[in-house]
Amino acid sequence: MATGETSTGNIQRGNTLPNGDIYVGNFAGLVPHGFGKYMWTDGTLYYGEWDTSKMTGRGVIQWPSGASYDGDVSGGFIDGTGTFKGVDGSLYKGSWRMNKKHGMGTMVYANSDTYEGFWNEGLPEGFGKYTWANGNTYIGSWKSGKMNGRGVMKWTNGDTLDCNWLNGLAHGKGFCKYASGACYIGTWDRGLKDGHGMFYQPGSKIPCNLEVSECVTDHDVSSAASSGNENVNSGLLFLLQKLCNTWRIRNLFHRPRRISNGTAPVFDDNSGNHLSEDSSTEPLTTGDCPQDSGVDKVLVYEREYVQGVLISEKPKGHDCRLPDSGKTQEHTWQKQAGGPMETIYKGHRSYYLMLNLQLGIRYTVGKITPVPLREVRSNDFGPRARIRMYFPCEGSQYTPPHCSVNFFWKDYCPMVFRNLREMFHIDAADYMMSICGDDSLKELSSPGKSGSIFYLSQDERFVIKTLRKTELKILLKMLPKYYNHVRAYDNTLITKNFGVHRITLKGGRKVRFVVMGNMFCTELRIHRKYDLKGSTQGRSTKMQNINENTTLKDLDLSYVFHVDKPWRDALFRQISLDCMFLESQSIIDYSMLLGIHFRAPYHLKTSSSHQNSLETGILDTDLLQYGEKSSWKGFLLVAHEPGTTVGGSHIRGSMVRASEAGYEEVDLVLPGTGRFRVQLGVNMPARALKVREDMNTELENPDSIEEYDVVLYLGIIDILQEYNVSKRVEHAVKSLKFDPLSISAVDPSSYSKRFVKFLESVFPEQD
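The protein appears in an unreviewed UniProt entry as Phosphatidylinositol 4-phosphate 5-kinase from Panicum virgatum. Recorded in UniProt under Catalytic activity (unreviewed entry), the annotation for the protein is "a 1,2-diacyl-sn-glycero-3-phospho-(1D-myo-inositol 4-phosphate) + ATP = a 1,2-diacyl-sn-glycero-3-phospho-(1D-myo-inositol-4,5-bisphosphate) + ADP + H(+)".

In structure tokens:
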């Protein structure tokens, strides 16, 4: 092979290496440096720049398969910006990091679909636009190669869906606008309309803050451009800017999330699919409504869906075209969008309280976790079983510096609650991450009747409730018996408590907390919540106060629930044991919190149209299979397989057995959702039968279906009210005006009996 000198002074020569690879190019001493060409024995070829034996600079890589790359390399990796042509004809232009697409880039797939936006570790992640070959588009958030977060889907026929997304499906609050001018504002669950919403007929006045396409102008693109590669076309940036401006989330645009070790993205093609207006933009309860007639017609309707099936509709009480209606509608949307809770942010009234709580729990759990696990002793209860600590802002010998306010921390009975957490297999690290991680807590938008404020951990596994001083005393007084009861009965329905704490702020203000398990921590949507005491006085909800987040009361309940006989027997056996314990502690005013997930009736599913995946989510073949295999009352129950199911939150003990499955432990399989472990009070299938029209809530039309398959979640809550002198006085005073048996304040024995009797009517025995 010839050798010679280059103009740079480096020696250019060619060599065949011992392993058969060939390099031709510049050297610096004995190593490649400058420009050169390297061919591997498998036929892979690189020609471009080298830096002391490593491919670094600009270069071209060609693979034997026909794929090629032209762009930056660094340290032997594709790193920087460049163009990759795949064997299948796909083309990617944009940023790379360590051989993976990372940063801003554009991908044209082999089927002519395109994606423009952010990438992370080889997958679309952050903000981007995906365009299907048929013209349908999605612009918004991505995570791990799937639509995830806020985004807008637009079909070629003009329909749009602006919604939260999860794993490629609409999931959460959103609104869809149809090409006809109609609009629906509501909630989606895994691609299906689910829950309450508002339907606006063509011609009605839609809240102005929903006008996505008309609300923004083509300016201030430079702020978005600074987040991405300078070579990205301005068309994408403008679209991203529109989304950010509309939803006031420009700050998120600069913080794309990162997920590592992903695989190649796979997109479901929604070709030809579009949003359904439920067969017609006309309401189920009215006839034609001419928009140009002189007669005012109701154009807004409240709707309720169950898994994409419309089960009820009623007209809104006023014409949305009236001049003052815009404010009302906008307020309604803002209230729905916020939901029943809000994330605590810096400047929020509870921000420093949250920081103090997180600091204290992190300190306490970190201090108690290294202590060897042992049986609880008598001295683990009582006034001496406390951890006290002062947390100054600048830190101390025992506490870290922090950005909150100075506070005193007290932790009650730490060893007892540590053992309770162990009982329910709650890992200390998971517990701290759930409550004290980088994410903020969420505060319920309105306090309870007692004035208590509720917070949720971001993963919603734990509820944190503020306590009055009297409630704290009652809890600590009953704690030894409570601990023994929970330890003795694995399937107790009583609230699971995992920690009790107190924060003292400057000026002496004291805030007391209890950390509890969230019994509604489930992948299934809870469509109804009821707080059931068994009393009737004041146990109904005013119609004007009801929305989809309302917890209803005894007189609002218009259903009875049929469950499998072994489940009912086990349920009331446990309810009786729990009530006996509460009665022994002189506790009253407790209630059964009942959460209901409705399944769309099978015959409505099969008769409803299945125009698209967003409106159905389950194929017809799956429905047939579902119907044929159901082993109990329309549900698919299969033999339990450990490790394959999703259990409820904070449960333990034996599973319930199904009589129609040979008295075996069973799992509940819900098509399109998952496989769930059936335990007492958690993931319990039932049949809901409507026994009367609900005059208080008017949730259904008279013509709506009267039976539903439901999944139930239930537990006994509010166990911190003693039958004391004030309750005796309340009973005496109210008895002068009302039936003594109808009021809540009765003696513990009467309360317990009435409570059980009422629940027996809610869960009647089957013939």
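After presenting the structure, the write-up continues.
A. Region of the structure containing the overall build of the protein. Of regular secondary structure, the protein possesses 13 helices and 41 strands. Of all 767 residues assigned to the protein, the portion counted as buried reaches 51%. Considering only residue pairs separated by 6 or more positions, the protein has 55% of its internal contacts joining residues 24 or more positions apart. A total of about 35,100 Å² of accessible surface is found on the protein, and carbon and sulfur atoms cover 52% of it.

B. The arrangement of the packing of helix H5 (residues 351-368) against helix H7 (residues 428-436) in detail. Contact geometry of H5 with H7 gives a least axis separation of 10 Å together with a crossing angle of 175°. Classed by the angle they form, the pair H5 and H7 counts as roughly antiparallel. Facing Gln358, Ile361, Arg362, Val365 and Gly366 of H5, the residues of H7 in contact are Ala428, Tyr431, Met432, Ile435 and Cys436.

C. The arrangement of the nonpolar core in detail. Core analysis: the biggest nonpolar cluster contains 122 residues, and Phe561, Ile575, Leu712 and Phe763 have the highest contact counts within it. The element that contributes the greatest number of residues to this core is H5, accounting for nine residues. Not counting residues up to four positions away in its chain, the partners in contact with isoleucine 575 are Leu493, Met592, Phe755, Val756 and Leu759. Core analysis: the next-biggest nonpolar cluster, separate from the first, contains 35 residues, Tyr46, Trp119, Met153 and Leu161 among them.

D. Summary view of helix H9 (residues 565-584). For H9, with 20 residues, the first-to-last C-alpha span of 29 Å sits near the 28 Å given by 1.5 Å per residue. Of the residues making up H9, those classed as buried are Trp567, Arg568, Ala570, Leu571, Phe572, Gln574, Ile575, Asp578, Cys579, Phe581 and Leu582. Taken from the residues just after H9, serine 586 is the one with a positive phi, measuring 60°.

E. Structural context of the sheet that holds strand E23 (residues 386-391). Ordered by their spatial adjacency, eight strands build an open sheet running E22-E25-E26-E27-E29-E28-E24-E23, and the pairing between neighbours is antiparallel. In this open sheet, the two strands that pair with only one neighbour each are strand E22 (341-343) and E23. Direction aside, neighbouring strands of the sheet carry axes that sit 25° apart on average. Seen against the sheet, helix H6 (residues 414-423) touches E23, strand E24 (407-412) and strand E28 (497-505) and runs at an angle of roughly 140° to E28. Its contacts with the sheet place helix H8 (residues 469-488) against E23, E24, strand E27 (462-467), E28 and strand E29 (510-517), and it is angled at close to 125° to E27.

F. Molecular detail of the environment of valine 300. Within the secondary structure, valine 300 is located in strand E20 (residues 300-306). Among the residues examined, valine 300 registers a relative accessible area of 2% and is labelled buried. C-alpha separation for the pair valine 300 and tyrosine 184, spaced 116 residues apart in sequence, amounts to 9.6 Å.

G. Representation of the sheet that holds strand E31 (residues 551-553) in the model. Pairing within the open sheet is mixed, and its six strands lie in the order E31-E30-E34-E40-E39-E32. Each having just a single partner strand, E31 and strand E32 (559-562) make up the two edges of the open sheet. Averaged over neighbouring strand pairs, the angle between their axes works out to 40° when direction is ignored. As paired elements, E32 and strand E39 (residues 684-690) share four bridges and run antiparallel to each other. In the strand pairing of E39, phenylalanine 561 is matched with alanine 688. Packed onto the sheet, H9 meets strand E34 (591-599), E39 and strand E40 (707-717) and runs at close to 20° relative to E40.

H. Up close: the pairing of E20. Of all the seven residues making up E20, six are buried; the element is thus mostly covered by neighbouring parts of the structure. Pairing of strand E19 (residues 195-200) with E20, which is carried by six bridges, proceeds in the antiparallel orientation. Looking across to E20, one finds that methionine 198 is bridged to glutamate 302. Taken together, the six bridges between E20 and strand E21 (residues 309-315) define a ladder with antiparallel strand orientation. Among the inter-strand pairings, tyrosine 305 is bridged to a residue of E21, identified as leucine 310. Hairpin connection, E20 to E21: the antiparallel pair is bridged by two residues, and glutamine 307 has positive phi, about 45°.

Calculation notes
Residues numbered from 1 in each chain as written. Predicted model: local features only at pLDDT ≥ 70, side-chain atom pairs only at ≥ 80, totals over all residues. Heavy atoms only, no water. UniProt positions renumbered as here; feature names shortened; annotations may be inferred. Helix = DSSP H or I, 4+ residues; strand = E, 2+ residues; numbered from the N terminus. Buried < 20%, exposed > 50% of the residue type's maximum accessible area, 1.4 Å probe, protein only. Contact = heavy atoms within 4.5 Å. Areas by Shrake-Rupley, 256 points an atom, 1.4 Å probe, with all protein chains shown as cover. Axes fitted to C-alpha atoms, helices over the stretch in contact; angles between N-to-C directions. Parallel < 35°, antiparallel > 145°, perpendicular 65-115°, else oblique. Core = buried A, V, L, I, M, F, W, Y, C linked by side-chain atoms within 4.5 Å. Expected span 1.5 Å × (residues − 1). Pairing = 2+ DSSP bridges.

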